[in-house]
Amino acid sequence: MDNIFVTGGAGFIGSSFVRNAVKRDLKIINLDILNYAGNLKNLNDIEDKKNYVFIKGDICDEGLVESIFKKYKISIVVNFAAESHVDRSIMGSNGFIKTNILGTGILMDIARKYNIDRFLQISTDEVYGDLENELAERFTEKSQIYPSNPYAASKAGADMLVGSYYRTHKFPAIISRCSNNFGPYQFPEKFIPLIIYRALKNKSIPLYGDGLNIRDWIFVEDHVEALFSIIENGKIGEIYNIGSENEIRNIDILKMILKIMNKNESLIEYVKDRKGHDRRYGIDPSKIRKELNFESKHIFEIAIEKTIQWYKDNIKWAEECIDGSYRDYYNNNYKMKE
Ligand code: NAD
Ligand code: TDX
């Protein structure tokens, strides 16, 4: 196989994909701008491998992207690059619109000229908006797109652009929409690593609103396996939902982690709700199960314990993430006690 061009491969999910792909002896070119969430330490173990090349840069830089397609024979593009945090998108949407929509368009325009075999757009269940309550039917690939926050809207915009390129240009695109990921190397602004990091430091843990919002959790390595099954056997022009049928209320996951870590529930601090906070996400993964024979392998409780252990072993990595600018952003937003 020719090279796989990965964007955003130094982030949380991208680095898990790149690590796995390099171990499979696939040839990987990784383009990442290294924003606050992109970290080359995430890829320490493979940086010297012969089948791996890293390039620092922006997917919106047309000259750079074109030079990569000219230099390397690329057959597959996997687009992870994105601004990914909902709270940041509520504070300002420009960066989200630029990378998530414009960047996707630039990648597709250049990829089109070089006759690639497939373009995998890494999307999210957030494009569907939220489910009203616990009784509502879960999202299928046919559910209407109805994003509720600026991050989700930017991802939905990208999905619509990708769909239009498939229809208009017969561009060989596939879209995957995964539910909430957790696991090692996730930037500790996201809920699960934030709980673990702050609990390790005996700091209060912010729980938004009434804490009864529901998320559908998947271990990052299961997500990555699903992506390989899509790359190998997915059908061009299709959308695939990815999920582990694992819906949990925020308060329950928080209490569960505190219990495993032997920490007191007095660390829980109810704070003001996120604006427009989506109530429930729930992915119906029947299509990928039936058509691509994909099934998540990890048991949630064991994967959570593995994740907690990773943060304990890599507390320095997490401390380095929490630099001055992040602390300011966080304190301004939630007025947390340090
Ligand atoms: P992340 O923020 O950890 O990583 C994003 C990476 O993209 C970073 O390494 C960053 O430096 C890079 N990047 C940002 N802007 C770029 C640009 N202009 N050019 C090149 N690189 C750029 O995010 P993540 O959680 O790993 O998410 C990866 C993808 O998966 C995103 O597209 C996200 O929408 C999607 N997704 C995430 C989840 C989740 O639960 N985290 C669930 C479903 C889908
Ligand atoms: O401090 C917190 N307290 C809290 O109660 C944080 C950071 C979050 N929460 C709540 C908000 C959500 O209901 O926890 C839930 C999960 O929040 P996030 O980790 O910010 O994830 P979410 O908003 O669900 O979005 C995620 O899933 C879909 C990812 O960040 C996206 O990139 C992905 O597309």
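Residues numbered from 1 in each chain as written. Chains lettered and ligands numbered in written order. Predicted model: local features only at pLDDT ≥ 70, side-chain atom pairs only at ≥ 80, totals over all residues. Heavy atoms only, no water.

**Student:** Residue-level account of the side chain of asparagine 246, with values.
**Tutor:** Here asparagine 246 lies in the loop between strand E10 (239–242) and strand E11 (247–249). Setting aside its immediate chain neighbours within four residues, asparagine 246 contacts Arg215, Asp216, Trp217 and Phe300. (Helix = DSSP H or I, 4+ residues; strand = E, 2+ residues; numbered from the N terminus. Contact = heavy atoms within 4.5 Å.)

**Student:** Quick one: what's the story with the sheet that holds E11, residue by residue and with numbers?
**Tutor:** Here three strands make up an open sheet; going across it, the order is E7-E9-E11 and the pairing mixed. At either end of the open sheet lies a strand with only one pairing partner, and these are strand E7 (180–182) and E11. Each neighbouring strand pair of the sheet contributes to a mean axis angle of 50°, computed without reference to strand direction. Here E7 pairs with strand E9 (residues 214–219) via three bridges, running parallel. Residue pairing across strands places asparagine 180 opposite tryptophan 217, the latter belonging to E9. Most of the contacts of helix H7 (residues 220–233) go to E9, to which it runs at about 70°, and overall it touches E7 and E9. Most of the contacts of helix H8 (residues 250–260) go to E11, to which it runs at about 85°, and overall it touches E9 and E11. (Pairing = 2+ DSSP bridges. Axes fitted to C-alpha atoms, helices over the stretch in contact; angles between N-to-C directions.)

**Student:** Can you lay out the site of ligand 2 for me, pointing to particular residues and giving the numbers?
**Tutor:** Neighbouring ligand 2 are 21 residues; Glu126, Tyr151, Arg215, Arg274 and His277 lie closest to it. The contact in question runs from an oxygen atom of ligand 2 to an N or O atom on the side chain of tyrosine 151, over 2.5 Å. Contact distances for ligand 2 include 2.7 Å between an oxygen atom and a side-chain N or O atom of arginine 215. Protein contacts shield 94% of the accessible area of ligand 2, which totals 660 Å² for the unbound molecule. (Near = heavy atom within 4 Å. Polar contact = N/O pair within 3.5 Å; in protein donor to acceptor, adjacent residues only side chain to side chain. Areas by Shrake-Rupley, 256 points an atom, 1.4 Å probe, with all protein chains shown as cover.)

**Student:** So what's going on with the side chain of asparagine 79? Residues and values would help.
**Tutor:** Relative to the helices and strands, asparagine 79 resides in strand E4 (residues 74–79). Engagement of the side chain of asparagine 79 in a polar contact is seen with the side chain of threonine 104, the distance being 3.3 Å. Not counting residues up to four positions away in its chain, the partners in contact with asparagine 79 are Thr7, Ile59, Thr104, Leu107, Phe119, Leu120, Gln121 and Ile122.

**Student:** Could you give an account of the domain arrangement of the protein chain, with specific residues and numbers?
**Tutor:** Domain assignment breaks the protein chain into domain 1 (3–182 + 218–242) and domain 2 (191–214 + 247–278 + 299–326). In this structure, domain 1 and domain 2 have C-alpha centres spaced 26 Å apart. Between domain 1 and domain 2, the residue contacts involve 18 residues of the former and 17 residues of the latter. Buried surface at the junction of domain 1 and domain 2, summed over both partners, amounts to about 1300 Å²; 53% is from carbon and sulfur atoms. Note that glutamate 320 is salt-bridged to lysine 41, the shortest N-O span being 2.6 Å. Here domain 1 is connected to domain 2 by five residue pairs in polar contact (both at pLDDT 80 or more). Per element, the largest residue contribution to the side of domain 1 that touches domain 2 is four residues, and it comes from helix H3 (residues 86–91). Per-class residue counts for the side of domain 1 that touches domain 2 are four nonpolar, six polar and eight charged. (Domains from an automatic or database assignment. Buried area = accessible area lost by both parts, 1.4 Å probe. Salt bridge = Lys/Arg side-chain N within 4 Å of Asp/Glu carboxyl O. Nonpolar A, V, L, I, M, F, W, Y, C, P; charged D, E, K, R; others polar.)

**Student:** Would you mind going over the packing of H8 against helix H10 (residues 300–313) in detail, with residue names and values included?
**Tutor:** Running from N to C, H8 and H10 cross one another at 60°; their axes reach a closest spacing of 11 Å. Judged on the interaxial angle alone, H10 and H8 are oblique. Crossing geometry of H8 relative to H10 is assigned as right-handed. Counted together, Ile253, Met256, Ile257 and Ile260 of H8 and Phe300, Glu301, Ile304, Glu305 and Ile308 of H10 form the full contact between these two elements. (Parallel < 35°, antiparallel > 145°, perpendicular 65-115°, else oblique. Left-handed = near helix turned anticlockwise from the far one by under 90°.)

**Student:** Report on the environment of aspartate 117, specifying residues and quantitative values.
**Tutor:** Inspection of the secondary structure puts aspartate 117 in the loop between helix H4 (94–113) and strand E5 (118–124). Residues aspartate 117 and alanine 37, 80 residues apart in the sequence, show an inter-C-alpha distance of 29 Å. When residues no more than four places from it in sequence are discounted, the contact partners of aspartate 117 are Ser75, Pro172 and Ile236.

**Student:** Go over the site of ligand 1 with me, naming the residues and quoting the values.
**Tutor:** Close to ligand 1 lie 28 residues, the nearest being Asp32, Asp58, Ser84, Tyr151 and Lys155. The contact in question runs from an oxygen atom of ligand 1 to an N or O atom on the side chain of serine 84, over 2.7 Å. Notes on ligand 1: free accessible area 830 Å², of which the protein chains cover 96%. Of all the elements in the fold, those that place two or more residues in the shell around ligand 1 are helix H1 (12–23), E5, helix H5 (150–169) and E7. The class makeup of the residues in the shell around ligand 1 is 13 nonpolar, twelve polar and three charged.

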